[in-house]
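# Working through the structure, step by step
Next come the chains, spelled out residue by residue.
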Amino acid sequence: QVQLVESGGGLVQAGGSLRLSCAASGRSFSPYAMGWFRQAPGKERETVATIRWSGGSTYYADSVKGRFTISKDNAKNTIYLQMNSLKPEDTAVYYCAARLWLSGTFGSWGQGTQVTVSS
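Here's what I pulled together on the structure shown here. Residue positions are given per chain, counting from 1 as you read along its sequence in written order. Since the coordinates come from a predicted model, pLDDT governs what is reported: local features require at least 70, and pairs of side-chain atoms require 80 or more to be given and counted, while whole-chain, interface and lining totals use all residues. Calculated side-chain values reflect all of the structure's heavy atoms, with hydrogen atoms and water omitted.

### Here we look at the side chain of Ser108
Put simply, DSSP marks the helices as runs of H or I at least four residues long and the strands as runs of E at least two long, and each gets a number from the N terminus on. As for its placement among the helices and strands, Ser108 is situated in strand 10 (residues 108-109). What makes Ser108 buried here is its relative accessible area of 5%. Working rule for contacts: check all heavy atoms of both residues, and any pair within 4.5 Å makes them a contact. Residues within four places of Ser108 in sequence aside, it is in contact with Gln1, Val2, Leu4, Cys96, Ala97, Ala98 and Leu100. Residue burial is assigned from relative accessible area. The probe radius is 1.4 Å, only protein chains are included, and a residue is buried under 20% of its type maximum, exposed over 50%, and partly exposed in between.

### A short note on the pattern of salt bridges
Where side chains of opposite charge bring their charged atoms close, a pairing between them can arise. Every case where a carboxyl oxygen of Asp or Glu lies within 4 Å of a side-chain nitrogen of Lys or Arg is listed as a salt bridge. All told, the structure shown has 4 salt bridges when counted by the stated rule. Note that Arg38 is salt-bridged to Glu46, the shortest N-O span being 2.7 Å. For Glu46, a relative accessible area of 29% corresponds to the partly exposed category. The partner of Asp90 in a salt bridge is Arg38, with the nearest N and O atoms 2.9 Å apart. A residue pair is termed long-range when its members are at least 10 positions apart, and Asp90 in the loop between strand 8 (78-83) and strand 9 (92-99) and Arg38 in strand 4 (residues 33-39) qualify at 52 residues. In terms of burial, Asp90 and Arg38 fall into one category: buried. Put simply, Arg38, Glu46, Arg67 and Asp90 are held in one network by salt bridges that share partners.

Right, dumping it as structure tokens:
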């Protein structure tokens, strides 16, 4: 198992920016992929962005393309989500997750960090 801790959430005005971080604990951390997900009240959890740990191939939800950037620092066992041009509809709890080898899904999750975008 892996322990994930998100940070960087907060309150920001529309058009502003936030940078989320997710640090993984444990030695020999080498997941298949890492990702950011979000869930707003009354809505389904959705995938925001994912990144392959080796190689760095990325995926973005259409709603965030051009505004959000996922990145990683393998040496620090950390991924980031740079969020620019934030919109009120981006308001949600953002979760970091890891997809480990021998698993077909993202099964290790952080506690989440609240992002609130005011209009």
